[in-house]
Structure formats: C-alpha cells, structure tokens
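An overview of the molecular structure
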Amino acid sequence: MLEIIRIHNELLGTYGDRGNADVLKFRASQRKIKARISDISYLDPLPKSGDIYLLGGAEDAAQLLSLTALRKGSILARAANKGAVVLAICAGFQLLGNKYATKDEEFAGLGLLDVITTPGDKRLVGDIAVQTDLFDFPLTGFENHSSVTTLGADAKAFGRVLQGNGNGVAGLDGAVNRNVFGTYLHGPVLARNPEFADLLIERAVGEPISPIDDELAQRYAKWRRALI
Ligand code: GLN
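Residues numbered from 1 in each chain as written. Predicted model: local features only at pLDDT ≥ 70, side-chain atom pairs only at ≥ 80, totals over all residues. Heavy atoms only, no water.

Around the ligand, the structure places 14 residues, and the nearest of them are Asp60, Cys90, Asn144, Ser146 and Ser147. One of the side-chain nitrogen or oxygen atoms of glutamine 63 is found 3.3 Å away from a nitrogen atom of the ligand. Between the ligand and alanine 91, the relevant distance is 3.0 Å, taken from an oxygen atom to a main-chain nitrogen or oxygen of the residue. Against a free-state accessible area of 300 Å², the protein chains account for coverage of 99% of the ligand. Take the shell around the ligand: its biggest share by element is four residues, from strand β8 (residues 139–151). Along the lines of polarity and charge, the residues of the shell around the ligand split into four nonpolar, eight polar and two charged. (Near = heavy atom within 4 Å. Polar contact = N/O pair within 3.5 Å; in protein donor to acceptor, adjacent residues only side chain to side chain. Areas by Shrake-Rupley, 256 points an atom, 1.4 Å probe, with all protein chains shown as cover. Helix = DSSP H or I, 4+ residues; strand = E, 2+ residues; numbered from the N terminus. Nonpolar A, V, L, I, M, F, W, Y, C, P; charged D, E, K, R; others polar.)

Following this line, the structure appears as structure tokens:
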C-alpha cells in the first residue's frame with residue numbers, strides 16, 4: 001500500500017496543489033499499485049509511516065501555522081531521512097528550508113533543504129518552465145508568490161528556469177535533496193507533468209514501474225511544453 005500523506009490541506013490548499021495526491025493515486029492504481037491518500041490536519045500529528053508526503057502553497061499566515069504544527073516531533077525530517085518522498089510546492093517548499101522571513105519577522109524552518117526564503121519586492125505570477133536533471137525535457141507549471149529563495153552551500157537546485165522566475169535568484173527553481181523535492185511549480189505540477197508523478201512513485205516503491213497508456217496526459221504535457 002502506497003501511503004500518500006496530504007499535509008494540512010486546510011492551510012496549504014490555496015493554490016490547488018491537493019491535486020498532486022490524486023494524480024499519484026490514479027497513476028499508481030493504473031499499475032495495480034494500491035494507494036491511499038490520508039489528509040492530515042494541522043491539529044493532528046503527522047503519521048510516521050508515509051511513503052510520499054505532499055505540501056502545497058499557501059498565504060503567509062496559513063504557512064506559519066503549518067510550520068508551527070510541523071515542528072512538533074520532527075516527523076517529516078525523520079521520514080525524509082529514512083528515504084520517504086517529499087514534494088513541497090511554494091509555501092510548502094519555503095517552510096522546508098532553514099529560514100523563512102516575512103517583512104516583520106524571521107522563523108526557523110524545518111531544515112530539510114539548505115535554503116532560506118526572504119520577502120521579495122514584487123509578486124511573481126505566471127507560467128514557469130524549468131529544466132531539471134531528471135528529464136531531458138522541461139517541466140511546466142504556474143507560479144504565484146512574492147518571496148524569493150536563496151540556496152545554501154549544501155543545496156542543489158531543482159532546476160534551471162527557462163521561463164518565469166522560480167526562486168527569483170540566480171535563474172534557479174526549487175531545491176532537491178535525495179527524495180525531497182521543493183519547487184515553485186503549481187499546476188498542480190504532477191497533473192501538468194505526468195513523468196514527474198511516475199518518478200515519485202518509482203522512488204517511493206523503490207523499483208521501476210511499468211509504462212501505461214496515458215496518451216491524453218502526454219498530449220497535454222507536450223502542448224504545454226510547446227508554449228514555452
Ligand atoms: N506566501 C508565499 C509567498 O508569497 C507563498 C505563496 C505560495 O505558496 N504560492 O512567497
């Protein structure tokens with residue numbers, strides 16, 4: 001059973017990233033891999049047994065509430081250390097870093113990724129395309145944020161920005177550390193990029209998964225890439 005943990009959707013659900021869980025479950029089921037989505041509220045402890053943990057984008061106040069809840073017990077960091085897959089989008093990505101600052105205050109992040117996030121001077125909104133090392137084609141998405149993210153010495157970017165802004169620093173987007181992925185790509189990113197969904201399932205099950213006939217999803221992804 002593939003345990004997909006959708007973290008704090010009531011806080012981190014503003015930008016529709018909840019769809020990432022549905023795409024993973026659907027594409028796993030097409031391979032006869034049983035998958036279950038557990039929605040975990042910020043009022044409840046995070047399960048330790050997740051195979052894939054998902055965090056979405058949010059407004060600043062909701063993001064801070066989520067961060068406070070996730071600090072308890074360091075469950076996410078422990079799961080990631082054991083090899084669990086973590087996909088964190090925008091606000092979710094920012095709170096995995098070492099530090100997150102608003103205009104008024106600074107907060108320690110969860111420390112899963114060596115990045116810091118600080119307020120930017122304008123809102124970064126629009127289509128975004130990123131070339132990662134994972135695929136020989138770009139991933140596409142939509143970004144909507146004002147903070148910018150700087151990589152620390154130990155951090156590797158998720159990818160290079162071909163269109164849009166991403167981290168807003170050095171032409172890079174996101175960060176990656178083993179099975180922990182942070183990116184600014186909403187979309188939901190796994191609906192826009194089915195190959196990335198399959199890669200996360202493979203990382204979670206620890207073996208290659210069979211191809212499926214997903215002509216429509218492929219056609220959609222290719223059409224999006226053609227617009228870059
Ligand atoms: N509040 C954060 C920012 O504006 C995150 C926004 C988001 O998750 N889309 O940078």
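From this point, the discussion proceeds with the structure in view.
For helix α2 (residues 60–71), with twelve residues, the first-to-last C-alpha span of 17 Å sits near the 16 Å given by 1.5 Å per residue. Taken together, the buried positions of α2 are occupied by Ala62, Gln63, Leu64, Ser66, Leu67, Ala69 and Leu70. Where α2 is buried, its residues touch β1 (2–7), β3 (52–55), α4 (91–95), β5 (99–101) and β6 (106–108). Positive phi shows up at glycine 73, right after α2, with a value of about 80 degrees. (Expected span 1.5 Å × (residues − 1). Buried < 20%, exposed > 50% of the residue type's maximum accessible area, 1.4 Å probe, protein only. Contact = heavy atoms within 4.5 Å.)

For tryptophan 223, the location among the structural elements is in helix α7 (residues 215–226). Tryptophan 223 gets classed as partly exposed once you look at its relative accessible area, which sits at 48%. Note: C-alpha distance between tryptophan 223 and glutamate 59 (164 residues apart in sequence) is 30 Å.

What follows concerns the pairing of strand β7 (residues 115–132). When β5 meets β7, the two strands line up parallel, connected through two bridges. If you follow lysine 99 over to β7, its bridge partner there is isoleucine 116. Bridge count between β7 and β8: twelve bridges; the pairing is antiparallel. Within β8, the residue paired with valine 130 across the bridge is leucine 139. (Pairing = 2+ DSSP bridges.)

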